[in-house]
Amino acid sequence: MGLLKRFLSTMFSQDPNLDWAQIEVTTRCNARCVYCPRTQAGDAWRDMDMDFGLFARIVPQLSRTDHVHLQSWGEPLLHPRFFDMVRLAAEHGLSTGATSNGVLIDAAVAEEIVRSGLGILGLSLAGTGPGHDAARPGAPLARALAAMREVTAAKARLRSATPALHVAYMLLRGAEDELDGLPDLLEGAGVAAVVVNTLDHVADPSLMDSAFSDPVEAARVRPRLDDLAARLHARGTLLHYRLPRPSPAAICPENPCRALVVDAAGGVSPCVYAAVPIAPPHPAASRRLSFGNAAELPLSVIWERSPQAAFRAAWEAGAPPERCLSCRKRFVA
């Protein structure tokens, strides 16, 4: 019924035609990852949950969106109506995913995840040993691994192919050796894919040592990742990665011409890096960029009017907007 509803709603739809949309269901988190802007912002961080009524208003406007990711900067399972959100999206025929630290996933929550219809569940890692726990206080490696196995077991009990399990792996500079243990660590966990990213949003200058600032240095990691990809593939798991490079990419990997982010308050931004929920007078607040609010205007209106349309036109013309020129994400591919 959901797919039929989506087909009928898209026939004459004016909704934005998107590859994906990220909906920030909450900015709250139960971890204190050292590289996260939430940890670095302290009291300037704005903790909030998206109102379910706002979410229900947004979902029908995503009829022409290929995938909806119900997460941005927070831990999605903290939202009291997260599973209602997943089910509502499924009723509208939308493909959904979320990324979690796994702390809240026990056997009961795993079953609810499977029953909800969530399409993809990512679990976050930042290492395969002590490096992970040092980088992610409050979200220990053991809990993430236990969450993977609970979800895999629940899928087997309920004879469900979904959600597909992914690992969102943060590769920090100096922790490359922990990559080698990944295949054995994930053995039997039911992980379909691993996505490796580096620290491309440096929330504080003190974190620069954890980022790959030198593309030459990053290039030295590439053969190691290629070898890891082959080892994982032999065990049935795909690996994707991005590394910094010397020259900017022709198009931002955040895909601003075919994607958008709706933050927990309804603000519509081109990417999560322009939607960090930090309040003034913190200096990072000036980096926020919103084209309008989904609580006040339809997404189609926000998408087609200036400044959103002008922002996309600049990217399409090969002349990134000034807001994007200094972004590290442009140098990752």
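The numbers attached to residues start from 1 for each chain and follow its sequence in the written order. Totals for whole chains, interfaces and linings use every residue, but because this is a predicted model, local features are given only for residues with pLDDT of at least 70 and side-chain atom pairs only at 80 or more, for both listing and counting. Excluded from the side-chain calculations are hydrogens and water; all other atoms, namely the structure's heavy atoms, are used.

Caption draft 1: Up close: the sheet that holds strand β7 (residues 238-241). Criterion used throughout: strands pair if DSSP finds at least two bridges between them. A run of H or I in DSSP counts as a helix once it spans at least four residues, and a run of E counts as a strand once it spans at least two, with each numbered from the N terminus. Taken together, the nine strands give an open sheet; going across it, the order is β7-β6-β5-β4-β3-β2-β1-β8-β9, and neighbouring strands pair in mixed fashion. For this open sheet the edge positions go to β7 and β9 (268-269), each flanked by a neighbour on one side alone. Of the strand pairs in this sheet, strand β4 (residues 120-125) and strand β5 (residues 164-171) are connected by six bridges, and their pairing is parallel. Looking across to β5, one finds that Leu123 is bridged to Val167.

Caption draft 2: Up close: unusual backbone geometry. Residue Thr162 is joined to Pro163 through a cis peptide bond whose omega torsion reads 0°. Relative to the helices and strands, Pro163 is located in the loop between α7 (141-157) and β5. Residues Pro280 and Pro281 are joined by a peptide bond in cis, for which omega reads 10°. Within the element layout of this structure, Pro281 appears in the loop between β9 and α10 (299-304). Backbone geometry places Arg159, a non-glycine residue, at a positive phi of 55°. Mapped onto the fold, Arg159 is located in the loop between α7 and β5. You can call Arg159 exposed: its relative accessible area is 82%. The phi dihedral of Asn255 falls on the positive side, at around 60°, and the residue is not glycine. Along the polypeptide, Asn255 turns up in the loop between β7 and β8 (259-262). Partly exposed describes any residue whose relative accessible area lies between the buried limit of under 20% and the exposed limit of over 50%, with all areas from a 1.4 Å probe on protein chains only and scaled to the type maximum.

Caption draft 3: Geometry of the pattern of salt bridges. Put simply, a salt bridge is a Lys or Arg side-chain nitrogen that is within 4 Å of an Asp or Glu carboxyl oxygen. According to the stated counting rule, one finds 15 salt bridges in the structure shown. Note that Glu111 and Arg157 form a salt bridge whose closest N and O atoms lie 3.0 Å from each other. In this pair, Glu111 is assigned in helix α5 (residues 107-116) and Arg157 in helix α7, connecting sequence segments 46 residues apart. For Arg157, a relative accessible area of 44% corresponds to the partly exposed category. In this structure, the salt-bridge partner of Lys329 is Glu254, at a minimum N-O distance of 3.5 Å.

Caption draft 4: Focus on the packing of aromatic side chains. Stacked, tilted and edge-to-face are the three classes applied to pairs of Phe, Tyr and Trp rings, where Trp contributes its six-membered ring and a pair requires centres within 6.5 Å; stacked means planes under 30 degrees apart, edge-to-face means over 60, and tilted covers the rest. A full pass over the atoms with the stated rule returns four aromatic pairs. When the ring of Trp73 is compared with that of Tyr273, the centres are 6.2 Å apart and the planes differ by 85°; the resulting orientation is edge-to-face. With Trp73 in the loop between β2 (65-69) and α4 (82-91) and Tyr273 in the loop between β9 and α10, the pair connects residues that are 200 residues apart, well separated along the chain. Ring centres of Phe82 and Phe83 lie 5.3 Å apart, and the angle between their planes is 70°; on these two criteria the pair is classed as edge-to-face. For the pair Phe82 and Phe83, a shared accessibility class is recorded, and that class is buried. In this structure, Arg81 is placed above the aromatic ring of Phe52, and the distance from its NZ or CZ to the ring centre is 3.7 Å. The positively charged end of Arg312 is found above the aromatic ring belonging to Trp303, 4.0 Å away from the centroid. Two limits define a charge over a ring: the Lys NZ or Arg CZ must be within 6 Å of the ring centre, and within 35 degrees of the ring normal.

Caption draft 5: Region of the structure containing the layout of surface pockets. Points on a 1 Å grid over protein atoms alone make up a cavity when a 1.4 Å probe fits among them but cannot get out, and a pocket when they form an open set with protein on both sides within 12 Å along at least five of seven lines; lining residues each have an atom within 4 Å of a point. Grid points are joined across faces, edges and corners, and a volume is the space filled by probe spheres set on the points. What the largest pocket holds in volume is close to 1500 Å³. As for the largest pocket, its lining consists of 47 residues, of which His69, Gln71, Thr99, Ala168 and Asn197 are closest to the centre. Taken together, the elements giving at least two residues each to the lining of the largest pocket come down to β1 (18-23), α2 (37-41), β2, β3 (96-100), β4, β5, β6 (191-198) and β7. The element best represented in the lining of the largest pocket is β5, accounting for five residues. Under the scheme applied here, ten amino acids are nonpolar (Ala, Val, Leu, Ile, Met, Phe, Trp, Tyr, Cys and Pro), four are charged (Asp, Glu, Lys and Arg), and all others, including Gly, are polar. Among the residues making up the lining of the largest pocket, the classes are represented as 22 nonpolar, 17 polar and eight charged.

Caption draft 6: Representation of empty space enclosed by the protein within the structure. Counting across every chain of the model gives one cavity of 30 Å³ or more. Along the wall of the largest cavity there are 15 residues; nearest its centre are Cys252, Cys271, Phe311, Cys324 and Cys327. Partitioning the lining of the largest cavity into residue classes produces eleven nonpolar, no polar and four charged.

Caption draft 7: Up close: the nonpolar core. Residues Ile105, Met148 and Val194 are the most contacted members of the largest nonpolar core, which totals 86 residues. Take this core: its biggest share by element is seven residues, from α7. Those residues in contact with Ile105 that lie beyond four places of it in its chain are Leu77, Ser100, Ala110, Ile113, Leu121, Leu123, Arg143, Ala147, Glu150 and Val151. Here the nonpolar core consists of buried residues drawn from Ala, Val, Leu, Ile, Met, Phe, Trp, Tyr and Cys, with membership extended through side-chain atoms lying within 4.5 Å. One finds Cys33, Tyr35, Leu199 and Leu207 within the second-largest nonpolar core, a separate group that totals twelve residues. Contacts are assigned to residue pairs that have any heavy atoms within 4.5 Å of one another.

Caption draft 8: A look at the state of the cysteines. The disulfide definition used here is simple: a pair of cysteine sulfur atoms within 2.5 Å. Summed over all chains, the structure comprises zero disulfides. Between Cys33, a free cysteine, and Cys29, which holds the nearest cysteine sulfur, the sulfur-to-sulfur gap is 6.2 Å. The structure places no disulfide on Cys252, whose sulfur is separated from the nearest cysteine sulfur, that of Cys327, by 6.1 Å. Accessibility expressed as a relative area gives 11% for Cys252, which makes it buried.

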